[in-house]
Amino acid sequence: QMEQSGGGSVQAGGSLRLSCTISVRTFHAYNMGWFRQPPGKEREFVAAISQTGDRTRYEDSVRGRFTISRDNSNNMLYLQMNDLKPGDACVYSCIRGGSFESVVGGTSFFWGQGTQVTVSA
């Protein structure tokens, strides 16, 4: 089971950190990532990280503002979001997958419950 925390409301330019954890002993074996779904739109890729954290990928609009990281010793995935913009406001979900590309492509079946991020202008 994947559980998310963090999120909330900030003003534009502010920061938030999202967290995601899985209650499994094999957390280190999964590639992990974050997606978001703006209102009325399809879910879109935000960031991905490999099992050891040595490989990351970002969607162009968040690169340089968002940082994905993981702590395998504590089964935690993070998304640090800085310089938030009103366009970043939506529901964010974590994802885990057996392959890096399954996470990037959003084709894995394992998702967190989603958490709302609100950014006011």
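Scroll up to find the structure.
These numbers were taken from a predicted model, which means no experiment stands behind them.

Turning to the side chain of Arg-96, a few remarks are in order. For Arg-96, the position within the fold is in strand β9 (residues 90–97). Of the buried charged residues, Arg-96 lacks a salt bridge, with Glu-3 as the closest side chain of opposite charge at 12 Å. Not counting residues within four places of it along the chain, the set of residues in contact with Arg-96 comprises Met-2, Ile-22, Tyr-30, Asn-31, Met-32, Val-103, Ser-108 and Phe-110.

The next subject is the sheet that holds strand β7 (residues 66–71). Working definition: the strands of a sheet are paired by backbone hydrogen bonds and lie parallel or antiparallel to each other. Strand order in the open sheet made by the four strands is β1-β3-β8-β7, with antiparallel pairing throughout. Edge positions in the open sheet fall to β1 (2–6) and β7, since each of these has one partner strand only. If you compare each strand with its neighbour and ignore which way they point, the axes differ by 15° on average. As paired elements, β1 and strand β3 (residues 16–22) share five bridges and run antiparallel to each other. Its bridge partner lying in β3, Gly-6 is registered against Leu-18.

Bringing the pairing of strand β11 (residues 115–120) into the picture now. Of the two faces of β11, the one holding Thr-115, Val-117 and Val-119 is buried and the one holding Gln-116, Thr-118 and Ser-120 is not buried anywhere. Taken together, the four bridges between strand β2 (residues 8–11) and β11 define a ladder with parallel strand orientation. What sits directly across from Gln-11, in β11, is Ser-120. Note: β9 against β11, three bridges, orientation antiparallel.

A complete count under the given rule lists two aromatic pairs for this structure. Measuring from ring centre to ring centre gives 5.7 Å for Phe-35 and Phe-45, while their planes differ by 75°; the resulting arrangement is edge-to-face. Taken together, the residues span a long stretch of sequence, with Phe-35 in strand β4 (residues 31–37) and Phe-45 in strand β5 (residues 44–49) at a distance of 10 residues. Taken as a pair, Phe-35 and Phe-45 share a single burial class, namely buried. Three or more aromatic residues joined by ring pairs form one cluster here, namely Phe-35, Phe-45 and Trp-111. The cationic tip of Arg-96 hangs over the ring face of Tyr-30; the distance from NZ or CZ to the ring centre is 4.4 Å.

One can find Asp-71 in strand β7. Expressed as a C-alpha distance, the spacing of Asp-71 and Ser-102, which sit 31 residues apart in the sequence, is 21 Å. Setting aside residues up to four positions removed in sequence, Asp-71 forms contacts with Phe-27, Met-76 and Tyr-78. A distance of 2.8 Å separates a polar atom in the side chain of Asp-71 from a polar atom in the side chain of Asn-74.

About the criteria used
Residues numbered from 1 in each chain as written. Predicted model: local features only at pLDDT ≥ 70, side-chain atom pairs only at ≥ 80, totals over all residues. Heavy atoms only, no water. Helix = DSSP H or I, 4+ residues; strand = E, 2+ residues; numbered from the N terminus. Buried < 20%, exposed > 50% of the residue type's maximum accessible area, 1.4 Å probe, protein only. Lys, Arg positive; Asp, Glu negative; His and termini not counted. Salt bridge = Lys/Arg side-chain N within 4 Å of Asp/Glu carboxyl O. Contact = heavy atoms within 4.5 Å. Pairing = 2+ DSSP bridges. Axes fitted to C-alpha atoms, helices over the stretch in contact; angles between N-to-C directions. Phe/Tyr/Trp six-rings, centres within 6.5 Å; stacked < 30°, edge-to-face > 60°. Lys NZ or Arg CZ within 6 Å of the ring centre and 35° of its normal. Polar contact = N/O pair within 3.5 Å; in protein donor to acceptor, adjacent residues only side chain to side chain.

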